[in-house]
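# An overview of the molecular structure
Chain residues, written in single-letter form:
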Amino acid sequence: MNPYNVETAPPCTLFLFGANGDLVKRLLMPALYNLSRDGLLDRNLRIVGVDHNAATGAEFAERLAAFMRERDKAAADSAQSLDPKRWARLAKRIDYLTGDFLDPDTYQAIAKHIGRSRNGNAIFYLATAPRFFADVVQRLGDGGLLNETEGFRRVVIEKPFGSDLASAELLNACLLRVMSEKQIYRIDHYLGKETVQNILVSRFSNGLFEAFWNNHYIDHVQITAAETVGVEERAAFYDHTGALRDMVPNHLFQLLAMVAMEPPAAFGADAVRSEKAKVIGAIRPWSKAMALKNSVRGQYTEGRQGRKKLKGYRDEPRVAADSQTETYVALKVMIDNWRWVGVPFYLRTGKRMSVRDTEIAICFKPAPYAQFRDSDAERPKPNYLKIQIQPNEGMWFDLQAKRPGPALAMENVELGFAYKDFFNMRPATGYETLIYDCLIGDQTLFQRADNIENGWRAVQPFLDAWKEGGEVHAYAAGEDGPVAADELLARERRVWHRLG
Ligand code: BG6
């Protein structure tokens, strides 16, 4: 039995479109290796890379292994390492198919592959550039490959899913013309993170949370995804995408949904995804004027991280010299339902910030000061519940405590739980659960069409408003966003939770 005591996934042929891309070597193949190490893959699972460059299965497998060996050399953590025997067992099941994504012959070759396997199950994983999503799916449909008479047929679609509401609706319509929603697995890799899944478990398996999880006790919520990396080699994608599209309708809204959704009637895919769609659908659609007022865009300029000098965004390779693309965004959104009416949700994300920190900070309403009015005690600080998604995963609760001594003085202390203190987490990429769930047919951690469209609907007013006005504020690389983002909260007498 595997260490998790769960069933082995059923046999299937997993086609990886975009086999020579970064995602396959950095995340998907290491995740498949980890699943195989843990005994979660069937002996008859076959992995077939599909891409236009010519290669054999053995060459493809060796390239992947070479990458993982290099990764191991660079990593201090020996737990990551690739075991040659285990790898050899997996490598035997790896094959490669040279083919153009737009050429019908490629799909005939795929059909032959499936025909040769012992069962008709197949997953088509689209790790390609997004411009191929609709075409590949259309051709899979035309070739009869999505017909489930001989086994399951599933399609995994990576992000970005559309670039605005209209394009996301169009892509959903294309997919749903050739297959049913049950066959579509739209990935948001944040849902593969243990700490993200833990939000639901913590909220709904600890009775005490529900009592104060509402607008009577919560003042506001902050959701932050701060990164220290810059745009790196991805300018071709990033410069026409920007921080809002790249992070908000997907990752940050997933975090928001986990925090804000109503308890689902069951932990099944339909119930969970319906509650998430409802809460994202309840985000108030701002007018353009309100969208401008409630958003701040920033772009990093030259700066430092410690002693290291960092380039400004416009000096990064392949970024336009006059680019107006935001590398930072801060937003205020409101959720118009009974639980959350009047509670602002502040979201911020940026590249080249001072620390890497993905967290949700829930700020509670302050205790009345009345009892301490005639004492020297300072006004108590608000309590925060911090859910740390990464790094240093865990949850911390700020409390006020009396500082020992004759004076009535208070100090902030923390009650906390760090994952590393309680659980022995096996090395993972975050894609293991997602791939495993797709193999066993569990869609809970994947986005349904309405989830995606509701997310875009909520960010569309910002996209529309920015086309017509507003400013992109500068912030120095290594700093935590522009001053204007502090003002977004200061005008409501609030401050950002300290990062790190
Ligand atoms: C990706 C974005 O979806 O998420 C990247 O395209 C971003 O720009 C990344 O860096 C962040 O993911 P994580 O798991 O490092 O928080």
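Now for a quick tour of the structure. (Residues numbered from 1 in each chain as written. Predicted model: local features only at pLDDT ≥ 70, side-chain atom pairs only at ≥ 80, totals over all residues. Heavy atoms only, no water.)

### Comments concerning the pattern of salt bridges
For clarity, the threshold we go by: Salt bridges are identified by distance alone: a Lys or Arg side-chain nitrogen within 4 Å of an Asp or Glu carboxyl oxygen.
Tallied over the entire structure, the rule returns 23 salt bridges. Among the ionic pairs, Asp72 bridges to Arg71, the shortest N-O distance being 3.0 Å. Arg403 is paired through a salt bridge with Glu411; the nearest N and O atoms lie 2.7 Å apart.

### Concerning helix 11 (residues 269–281)
Worth spelling out the cut-off: Numbering of helices and strands starts at the N terminus; helices are DSSP runs of H or I of at least 4 residues and strands are runs of E of at least 2. In a helix, the anticipated span is given by 1.5 Å times the number of residues less one. Think of it in three bands: residues with accessible area under 20% of the maximum for their type are buried, residues over 50% are exposed, and the middle band is partly exposed, with areas taken using a 1.4 Å probe on protein chains only. The contact criterion used throughout is that any non-hydrogen atoms of two residues lie within 4.5 Å.
Between its first and last C-alpha, helix 11 extends 18 Å over 13 residues, near the 18 Å set by a 1.5 Å rise per residue. Of the positions making up helix 11, those classed as buried are Ala269, Val272, Arg273, Glu275, Lys276, Ala277, Val279 and Ile280. Buried residues in helix 11 make contact with helix 7 (194–205), helix 10 (242–260) and helix 15 (449–468).

### Let's talk about the side chain of Asn454
With respect to the helices and strands, Asn454 occurs in helix 15. Filtering out sequence-adjacent residues up to four positions away, Asn454 remains in contact with Ala277, Ile280 and Gly281.

### A word on the sheet that holds strand 4 (residues 122–126)
Inclusion rule: If DSSP finds at least two bridges between two strands, the strands pair. Here an angle of 0 to 180 degrees is reported between the N-to-C directions of two axes, which are lines fitted to C-alpha atoms, with helices fitted over the stretch in contact.
If you trace the six strands from one edge of the open sheet to the other, you get 3-2-1-4-5-6, paired in parallel fashion. Of all the strands in the sheet, the pair left with one neighbour each is strand 3 (94–98) and strand 6 (184–186). Mean inter-strand twist for the sheet, computed between neighbouring axes without regard to direction, equals 20 degrees. Note that strand 5 (residues 153–157) and strand 6 share three bridges and pair parallel. Bridge assignment links Ile157 to a residue of strand 6, and that residue is Arg186. Sheet strands in contact with helix 14 (residues 431–440) are strand 4, strand 5 and strand 6, and its direction is about 155 degrees off that of strand 5.

### Observations concerning the environment of Asp437
Looking at where Asp437 falls in the secondary structure, it is placed in helix 14. Those residues in contact with Asp437 that lie beyond four places of it in its chain are Tyr185, Asp442, Leu445 and Phe446.

### Let's talk about the sheet that holds strand 8 (residues 295–301)
Strands sit in the order 16-15-14-13-7-12-11-8-17 across an open sheet of nine strands; the sheet is mixed. Strands with a single pairing partner mark the edges of an open sheet, and in this sheet they are strand 16 (410–418) and strand 17 (472–476). The average angle at which neighbouring strand axes cross in this sheet is 20 degrees, direction not considered. Across six bridges, strand 7 (residues 218–226) lies against strand 12 (residues 344–350) in parallel orientation. Bridging across to strand 12, Ile223 finds its partner in Leu347. Its contacts with the sheet place helix 10 against strand 7, strand 11 (328–334), strand 12, strand 13 (357–364) and strand 14 (384–390), and it is angled at close to 140 degrees to strand 12. Its contacts with the sheet put helix 15 on strand 8 and strand 11, and the angle it makes with strand 11 is roughly 125 degrees.

### Some thoughts on the packing of aromatic side chains
Two measures describe an aromatic ring pair: the distance that separates the ring centres and the angle between the ring planes. The condition is simple: Two rings from Phe, Tyr or Trp (for Trp, the six-membered ring) form a pair when their centres sit within 6.5 Å of each other. Planes less than 30 degrees apart are called stacked, planes more than 60 degrees apart edge-to-face, and all others tilted. Criterion for a charge above a ring: Arg CZ or Lys NZ at most 6 Å from the ring centre, at most 35 degrees from the ring normal.
If you walk through the whole model with that rule in mind, you get 21 aromatic pairs. Measuring from centroid to centroid gives 5.7 Å for Tyr300 and Tyr313, while their planes differ by 75 degrees, and the two rings are edge-to-face. Here Tyr300 is found in strand 8, whereas its partner Tyr313 is found in the loop between strand 10 (308–310) and strand 11, with 13 residues between them in sequence. This pair shows no difference in class: Tyr300 is buried, exactly as Tyr313 is. Three or more aromatic residues joined by ring pairs make a cluster, and in this case those are Phe209, Phe212, Trp213, Phe364 and Phe397. The ring of Phe152 carries the charged tip of Arg154 above its face, separated from the ring centre by 3.6 Å. Sitting over the ring of Tyr190, Lys193 keeps its end group 4.7 Å from the ring centre.

### Here we look at the packing of helix 11 against helix 15
Formally: Relative orientations are named as follows: roughly parallel for angles under 35 degrees, roughly antiparallel for angles over 145 degrees, roughly perpendicular for angles from 65 to 115 degrees, and oblique for any other angle. Note: crossing handedness is left-handed where the near helix turns anticlockwise from the far helix by less than a right angle, and right-handed where it turns clockwise.
Where helix 11 meets helix 15, the closest approach of the two axes is 9 Å, and the angle between their N-to-C directions is 15 degrees. Between helix 11 and helix 15, the angle is such that the two are roughly parallel. Remark: the crossing between helix 11 and helix 15 carries left-handed chirality. Here helix 11 contributes Arg273, Lys276, Ala277, Ile280 and Gly281 to the contact with helix 15, which in turn contributes Asp450, Asn451, Asn454 and Gly455.

### Quick word on unusual backbone geometry
Cis geometry marks the peptide bond from Lys159 to Pro160, where omega comes out at 0 degrees. Mapped onto the elements, Pro160 comes out in the loop between strand 5 and helix 6 (165–178). Located in the positive-phi region is Arg352, a residue other than glycine, with phi close to 55 degrees. Secondary-structure assignment places Arg352 in the loop between strand 12 and strand 13. On the basis of relative accessible area, Arg352 is assigned to the buried category, the value being 15%.

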